[in-house]
Amino acid sequence: MDVQRANDLLRYGIGVLRGENIVASPKGRVQIVLILMKELASEGYWWQTKILQYWLHRAQGGEIPAT
C-alpha cells in the first residue's frame, strides 16, 4: 500500500462515519472503520490510523449525527 491509498482509505473511513459512502447502522459503520484502522495500522500508516481514531471517537460521542 502506498501513501495515496492510505489517504484514500482515510477519506473513505471518514465518509463512512458521516454516512456518506454506505447505508449502514451506526454500529455497522463503527465496525467498518475498525477494520480500516486495523489495515492502516498493520501497514504502518500510524498518522492515518490516529486521524481515523479521532473521527471514530467523535462519532461514538455523538458529535457526528447518525443519518
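Everything numeric in this text was worked out from a predicted model, so none of it was measured. (Residues numbered from 1 in each chain as written. Predicted model: local features only at pLDDT ≥ 70, side-chain atom pairs only at ≥ 80, totals over all residues. Heavy atoms only, no water.)

Trainee: So what exactly am I meant to see when it comes to the overall build of the protein here?
Mentor: In terms of helices and strands, the protein carries 3 helices and 0 strands. Listing each helix as α and each strand as β along the protein from the N terminus yields α-α-α. Its C-alpha atoms give the protein a radius of gyration of 11 Å, near enough to 11 Å, the size a compact globule of 67 residues would have. Dimensions of the protein along its principal axes, counting C-alpha atoms only, are 30 × 20 × 15 Å. In the protein, of all internal contacts separated by at least 6 residues, the share reaching a separation of at least 24 is 53%. (Helix = DSSP H or I, 4+ residues; strand = E, 2+ residues; numbered from the N terminus. Rg over C-alpha atoms; globule rule 2.2 N^0.38 Å. Contact = heavy atoms within 4.5 Å.)

Trainee: Even after reading the chapter, I still don't get the environment of Ile64, so can you show me in this structure?
Mentor: Along the chain, Ile64 turns up in the segment after α3 (46–60). Assessed through its relative accessible area of 11%, Ile64 is described here as buried. When the C-alpha positions of Ile64 and Leu17 are compared, they lie 7.6 Å apart, and in sequence the two are 47 residues distant. Not counting residues up to four positions away in its chain, the partners in contact with Ile64 are Leu17, Arg18, Trp55, Arg58 and Ala59. (Buried < 20%, exposed > 50% of the residue type's maximum accessible area, 1.4 Å probe, protein only.)

Trainee: I'm lost on the environment of Lys38 in this one. Help?
Mentor: Checked against the element boundaries, Lys38 lands in helix α2 (residues 26–42). Distance in space between the C-alpha atoms of Lys38 and Thr49 is 8.0 Å, their sequence separation being 11 residues.

Trainee: Help me out: how do you make sense of the packing of helix α1 (residues 3–18) against α2 in this one?
Mentor: Each packed pair of helices is defined by two parameters, the angle between the axes and the distance between the axes. In contact at an axis separation of 9 Å, α1 and α2 are set at 165° when each is read in the N-to-C sense. In terms of orientation, α1 and α2 fall into the roughly antiparallel class. Where α1 crosses over α2, the two elements pack in a sense that is left-handed. In contact with Ala6, Leu9, Tyr12, Gly13, Val16 and Leu17 of α1, α2 contributes Arg29, Ile32, Val33, Leu36 and Leu40. When its residues are assigned to classes, the contact of α1 with α2 shows 9 nonpolar, 1 polar and 1 charged. (Axes fitted to C-alpha atoms, helices over the stretch in contact; angles between N-to-C directions. Parallel < 35°, antiparallel > 145°, perpendicular 65-115°, else oblique. Left-handed = near helix turned anticlockwise from the far one by under 90°. Nonpolar A, V, L, I, M, F, W, Y, C, P; charged D, E, K, R; others polar.)

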